[in-house]
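# Results of the structural survey
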Amino acid sequence: MALEVEHLSVRFGATTAVDDVTLSLATGEVLALLGPSGSGKSSLLRAIAGLEPCTGEIRWDGESVVRVPPHRRGFALMFQDGQLFPHLDVAGNVGYALRVAGRRDEERVAELLELVGLAGFARRRVTELSGGEQQRVALARSLAASPRMLLLDEPLSALDRDLRERLAGELRDILRARGMTAILVTHDRDEAGVIADRVALLDRGRLVSDGVSA
Amino acid sequence: MIRRLGVGAAAGWVLAAALPLAFVAVFFAWPVASIVGRGLFPAGGFDAAGVLEVLGRPRTQRVIGFTVGLAAAATAITLVLGMPVAYVLAQLRFRGRGVLRAAVLVPFVLPTVVVGIAFRALLRDTPLDGTVAAILAALVFFNVAVVARTVAVSWESLDPRLEEAARVLGAGPVRVFATITLRRLGPSIAAAASVVFLFCSTAFGTVLVLGGARFATIETEIWLLTTQFLDLRAAAVLSVAQFVVVVLLLAGTAWVQRRAAPQRRSFAARAPRRTDAPVITAAVLVGVALAVPLVALVERSLRVAGEWGLGNYAALASTGSRNALAVTPWQALGNSLGFAAAATGVAMLVGLVAVVLLSRSPRSPAGRRGLELLDGALMLPLGVSAVTVGFGFLITLNTPPLDLRSSPVLVPIAQALVAVPLVVRTLLPVLRSVGSRMREAAATLGASPWRVLLTIDLGIAARAALAATGLAFTVALGEFGATTFLSRPDAATLPVVIYRLIGLPGGDNAGMATAASVVLAAVCVGVVALVERLRVTTAGAF
């Protein structure tokens, strides 16, 4: 197993957002966390990323990562609204992780932009992009980090339906082609079915089913 | 096990908070407290009878009443004149908008002494010379920018659809403005009004130059009492009275601003319509009116004994008639630039550390409370008598452990103290726009907390930081209240030299003062022109 989560709980004061969740993920597997809003699926994802204090155990390849800070976990998180850096252009955003790692690699940036269908967008300002384009940039930026695992927090929810369906297919193809291990948080059953290998259902912080995608 | 903020990280934050706090404590709280202490606790115990005696003096009551009345009147006029400019800057797109933006900011960065001299030049030989109206006009001149820019920032972020909805429901434009727009702008108008009131009630250089001894405000009275009458007790009582008013005002502002939901969206400006004509006319008239005193200043500087000429400028290389000065105005300009550069460095260092801290939203109530206190502490120098600070420096920083009186670092430190609030107000909204999730996104891409700070926070705030640097420089350049106590005659700054020149008899010296004022104003205007090119809307907004 690549990722093992055991008895993980996240509490905010008196409320328990994630309640004793145990799940595991094989290398190259894409798991969808499905649930209504407020079910704790985003909190679970953020806890795995290291952004939310939690109790329980998180292991990668058998080694605990609970004490590893977010920037050393190698789990790239992609937000619903992209969270692109407004002071950097498209290439600046995509190449961010490369520069942080001490590598400046224009070629790799161009290659990733081509992968997400934005060839030639390198010098565009991110504030001028459409919602779909912004999410493509966010995806390329996450992939550039060469993460061990990709965490996708409602990556398509802010988009309109047509675009969502088209991008869901593209996202699945990209994840498959690279053999990415990934967790997708969504409230859309169809989207989960298209992208994920397996769907886990979360309700009021508890894992209620952990079945195989239809 | 709950982790997120390790002991090391928590210690790091506390340590970072220590720099701005220590700066404010050593160079502000301590000098002010000791001067107040000397006045109120002369023999160790609280001198209640003495305080009451000072408060009971007719002159004290007159000074306090005059200060409050003057500041209130100036604030009201400034609001009325600033609103049309705010509207035009926030809502309309037209040629010359950038010029108007910059023109409005110019008076705000002019040294107070220069503003005083410009109004003297304008009103010379008119019935208004030496009247309250002249002081009032100068205070309004100085503060229109605060209203225009503070309200414009907020106005830009209003979603116009709410007004459109009201129009569709049958409300006329005036009614929509009065019932919808004005209420939505309420917090920013209140914030602007309280800052203007603050500036007006603590104005020193302008009032001193225009009012002389006839119209004393609390600030000039403190100066008179400490330097001329050596009545520390009365000065301390006035300082405390001023302090109480300022703290109440700042607390009120913070409360109003907390209630206002911060919006960082910005809606596109539109092309002007025919119905905008009255407002545009009003805004342009305000802009022109702001230029008039400066034109008068330049005109006056070019006249020597009634004739046109450059004699006043030539005299800037001299020490004045009858050797009035220890240094030439050109040398003083050099001193000013050096001090202001050092002050800007200190203000940016303290200000940047402070805004990085203030832009965080800690989860613990104690952390939040601490940040609110830090925020308030950093704003205090804005409103507390610069004269008290300057005099406080003299009496506290000349004994061990800190004996700095003979060292030239006091001037830039005092100037930095005055510039820090401006740096904080310019940068904080920009850094607050960086959401915690953007930092988290960077973290999951492999960036360490330091790296996030450098590449995301400071990356986004880079232009605003440059603008803040420029503003801090002009503020330091023009600082007069504290500098007048601290600068030594052989290392005098230009504002101090200018004030000395107008206090001496002889037309040549007065002419020199106008020429020196033009030079100082030109430097400030140049810096503002550079700042404006950065298009940072929060510059000069509160």
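Just so it is clear, the structure is predicted and the values come from calculations on it, not from any experiment.

## A few points about the overall build of chain B
- Across its full length, chain B holds 23 helices and four strands.
- Computed over the C-alpha atoms, the radius of gyration of chain B is 24 Å, within 12% of the 24 Å expected from 2.2 N^0.38 for a compact globule of 542 residues.
- By its C-alpha atoms, chain B is 70 × 60 × 45 Å across when sized along the principal axes.
- Sorting the 542 residues of chain B into buried and exposed places 48% on the buried side.
- A separation threshold of at least 6 residues defines the contact pool for chain B, and within that pool the share at least 24 residues apart is 83%.

## Observations concerning the overall build of chain A
- Counting secondary structure elements, chain A contains eight helices and ten strands.
- Taken against the 2.2 N^0.38 rule, which gives 17 Å for 214 residues, the C-alpha radius of gyration of chain A at 17 Å falls within 12% of a compact globule.
- Each of the three principal axes of chain A carries a C-alpha extent, and together these read 45 × 40 × 30 Å.
- Looking at chain A residue by residue over its 214 residues, the buried ones come to 49%.
- Intrachain contacts of chain A at a sequence separation of at least 6 include 67% that bridge at least 24 residues.

## Observations regarding the interface of chain B and chain A
- Counting residues at the interface gives 18 residues for chain B and 22 residues for chain A.
- Those elements that provide at least two residues to the side of chain B that touches chain A are helix H18 (436–444) and helix H19 (449–460) of chain B.
- The element best represented in the side of chain B that touches chain A is H18(B), accounting for six residues.
- Classifying every residue of the side of chain B that touches chain A by side-chain character gives nine nonpolar, four polar and five charged.

## With respect to the confidence of the model for chain B
- Here chain B averages 81 in pLDDT, and 91% of its residues register 70 or above.
- The ipTM for the predicted assembly is 0.89, set against a pTM of 0.82.

## Some words on the pairing of strand S3 (residues 30–34) of chain A
Residue and element names in this part refer to chain A.
- Counting buried residues in S3 gives five out of five residues, a clear majority hidden from the surface.
- In S3, alternate side chains face the same way, and those of Val30, Ala32 and Leu34 on one face and Leu31 and Leu33 on the other are all buried.
- Relative to strand S8 (residues 182–186), S3 runs parallel, the two being bridged by five bridges. Looking across to S8, one finds that valine 30 is bridged to alanine 182.
- With four bridges connecting them, S3 and strand S9 (residues 198–203) associate as parallel partners. Considered in S9, the bridge of leucine 34 is made with leucine 201.

## Some words on the environment of A:Val100
- Its location among the elements puts A:Val100 in helix H4 (residues 96–100).
- The class of A:Val100 is buried, set by 20 C-beta atoms lying within 10 Å.
- Separated by 45 residues in sequence, A:Val100 and A:Thr55 have C-alpha atoms that sit 30 Å apart.
- Apart from residues lying up to four places away in sequence, A:Val100 is in contact with B:Leu445, B:Gly446, B:Ala447 and B:Arg451.

## Description of the packing of helix H10 (residues 218–227) of chain B against helix H16 (residues 386–396) of chain B
Residues and elements named next belong to chain B.
- The geometry of H10 relative to H16 is characterised by a closest axis approach of 8 Å and an angle of 30° between their N-to-C directions. With respect to their mutual orientation, H10 and H16 come out roughly parallel. Residues Glu219, Ile222, Trp223 and Thr226 of H10 touch H16, and the partners they reach there are Val387, Thr388 and Phe391.
- The class makeup of the residues in the contact of H10 with H16 is four nonpolar, two polar and one charged.

## Considering the domain arrangement of chain B
Residues and elements named next belong to chain B.
- Domain annotation of chain B identifies domain 1 (48–158 + 185–299) and domain 2 (308–383 + 410–542).
- Between domain 1 and domain 2, the contact holds 37 residues from the first and 32 residues from the second.
- Mapped by element, the contributors of at least two residues to the side of domain 1 that touches domain 2 are helix H4 (97–109), helix H5 (112–123), helix H6 (132–156), helix H8 (173–201), helix H9 (205–211), helix H11 (232–259) and helix H12 (277–301).

## Considerations on helix H6 (residues 131–144) of chain A
All names here are of chain A.
- Relative to the 20 Å expected for 14 residues at 1.5 Å per residue, H6 spans 20 Å between its end C-alpha atoms, a close match to the ideal helical length.
- Among the 14 residues that make up H6, eleven are buried, leaving the element largely enclosed by the rest of the structure.
- Buried within H6 are the following residues: Gln134, Gln135, Arg136, Val137, Ala138, Leu139, Ala140, Arg141, Ser142, Leu143 and Ala144.
- Where the residues of H6 are buried, they touch strand S6 (75–78), helix H3 (90–94), H4, helix H5 (106–115), strand S7 (149–153) and helix H7 (161–178).
- One or two positions beyond H6, positive phi appears at serine 146, with a value near 45°.

## Some thoughts on the sheet that holds strand S4 (residues 55–60) of chain A
Residues and elements named next belong to chain A.
- The strand order across the open sheet built from four strands is S2-S1-S4-S5, with neighbouring strands paired in antiparallel fashion. In this open sheet, the two strands that pair with only one neighbour each are strand S2 (15–25) and strand S5 (63–64).
- Two strands pair when backbone bridges link them, and strand S1 (residues 3–12) and S4 are joined in this way by five bridges, in the antiparallel orientation. Directly across from serine 9, in S4, lies its bridge partner threonine 55.

## Notes on the packing of helix H3 (residues 58–91) of chain B against H12(B)
Residue and element names in this part refer to chain B.
- Two numbers describe how H3 lies on H12: the axes approach to 8 Å, and their chain directions differ by 115°. Judged on the interaxial angle alone, H12 and H3 are roughly perpendicular. Here H3 and H12 pass one another in a crossing that is left-handed. The residues of H12 that touch H3, namely those facing Leu81, Pro84, Val85, Tyr87 and Val88, are Val279, Ile280, Ala282, Ala283 and Val286.
- Taken together, the residues of the contact of H3 with H12 break down into ten nonpolar, no polar and no charged.

Calculation criteria
- Residues numbered from 1 in each chain as written.
- Chains lettered and ligands numbered in written order.
- Predicted model: local features only at pLDDT ≥ 70, side-chain atom pairs only at ≥ 80, totals over all residues.
- Helix = DSSP H or I, 4+ residues; strand = E, 2+ residues; numbered from the N terminus.
- Rg over C-alpha atoms; globule rule 2.2 N^0.38 Å.
- Buried ≥ 20, exposed ≤ 12 C-beta atoms within 10 Å, placed from the backbone.
- Contact = placed C-beta atoms within 7 Å.
- Nonpolar A, V, L, I, M, F, W, Y, C, P; charged D, E, K, R; others polar.
- pLDDT = per-residue confidence, 0-100.
- Pairing = 2+ DSSP bridges.
- Axes fitted to C-alpha atoms, helices over the stretch in contact; angles between N-to-C directions.
- Parallel < 35°, antiparallel > 145°, perpendicular 65-115°, else oblique.
- Domains from an automatic or database assignment.
- Expected span 1.5 Å × (residues − 1).
- Left-handed = near helix turned anticlockwise from the far one by under 90°.

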